[in-house]
Amino acid sequence: MINNLIRIGNFTSSEIVALTKSGKGQTFGQAALTYISECNMERRLMRSLTTESNARPLIWGKFMESRAFEMLGTEYTLTSKSTKIHPEFNFWSGSADGTTYDSVYDIKCPLTLKSFCEFADCKD
């Protein structure tokens, strides 16, 4: 279960893409409506709906995040355990993987070759 209280019931940067999908003749698509519904459920429960904290992709991502960070220069800071609330929208929170003196970065560690290709293909 997610123990980070700031993330519970709030839109997060890692899941915000769900809100960008529009539906046929609707303002929001099904992915957005599902995400909004789940956030509302978390607010009512005052806890996360997610109970898996040791799923294989999560373990892989945490391991590779630290490995990738070790390969960066000393000007980089790892901040993924710190969650911030958006200064204008208190229902939007996020955890950047890290920062430098003038930027924010996110480390991606795809678990499968297919997910790697899907991620790499969107970079073009």
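The rules we used
- Residues numbered from 1 in each chain as written.
- Predicted model: local features only at pLDDT ≥ 70, side-chain atom pairs only at ≥ 80, totals over all residues.
- Heavy atoms only, no water.
- Helix = DSSP H or I, 4+ residues; strand = E, 2+ residues; numbered from the N terminus.
- Buried < 20%, exposed > 50% of the residue type's maximum accessible area, 1.4 Å probe, protein only.
- Contact = heavy atoms within 4.5 Å.
- Areas by Shrake-Rupley, 256 points an atom, 1.4 Å probe, with all protein chains shown as cover.
- Lys, Arg positive; Asp, Glu negative; His and termini not counted.
- Charge placed at Lys NZ, Arg CZ, Asp CG, Glu CD.
- Pairing = 2+ DSSP bridges.
- Salt bridge = Lys/Arg side-chain N within 4 Å of Asp/Glu carboxyl O.

Undergrad: Outline the overall build of the chain, supporting the account with residue identities and numerical values.
TA: Counting its secondary structure elements, the chain contains three helices and six strands. Going from the N terminus to the C terminus, the chain shows its helices and strands as β-α-α-β-β-β-β-β-α. Here the C-alpha coordinates of the chain stretch approximately 45 × 30 × 30 Å along the principal axes. When each of the 124 residues of the chain is scored for burial, the buried share is 20%. Taking all contacts inside the chain whose residues are at least 6 apart in sequence as the whole, residues at least 24 apart take part in 49%. Accessible area of the chain: about 9300 Å², with a carbon and sulfur share of 58%. Counting 14 positive and 14 negative side-chain charges, the chain places the centres of these two groups 6 Å from one another.

Undergrad: I'd love a proper account of the sheet that holds strand β2 (residues 77-78), names of residues and values included.
TA: Whenever strands of a sheet pair, they do so through backbone hydrogen bonds, lying parallel or antiparallel. Strand order across the open sheet formed by three strands is β2-β5-β6, with antiparallel pairing between neighbours. This sheet does not close on itself; its edge strands, each paired only once, are β2 and β6 (104-105). Inspection of the sheet shows strand β5 (residues 98-99) paired to β6 by two bridges, in the antiparallel sense. Bridging across to β6, Thr 99 finds its partner in Val 104.

Undergrad: Can you lay out the sheet that holds strand β1 (residues 11-12) for me, pointing to particular residues and giving the numbers?
TA: Pairing in this open sheet of three strands is mixed, and the strands run β1-β4-β3 from one edge to the other. Of all the strands in the sheet, just β1 and β3 (84-85) have a single pairing partner and so form its edges.

Undergrad: Help me get a handle on the side chain of Asn 10, residues and values and all.
TA: Here Asn 10 is to be found in the segment before β1. Not counting residues up to four positions away in its chain, the partners in contact with Asn 10 are Tyr 35, Cys 39, Arg 43, Asn 90, Phe 91 and Ser 93.

Undergrad: Quick rundown of the pattern of salt bridges? Include the residues and the values.
TA: Within the structure shown, the criterion is met by one salt bridge. The closest approach of N and O atoms between Arg 67 and Glu 70, which form a salt bridge, is 3.7 Å. Placement of the pair is Arg 67 and Glu 70 together in helix α2 (residues 56-70), with a separation of three residues, close to one helical turn. On the basis of relative accessibility, which here comes to 56%, the residue Glu 70 falls in the exposed class.

Undergrad: So, unusual backbone geometry: which residues are in play, and what are the values?
TA: Even without being glycine, Met 46 reaches a positive phi, approximately 60°. For Met 46, the location among the structural elements is in the loop between α1 (30-45) and α2. Take Met 46: its relative accessible area is 69%, and that puts it in the exposed class.

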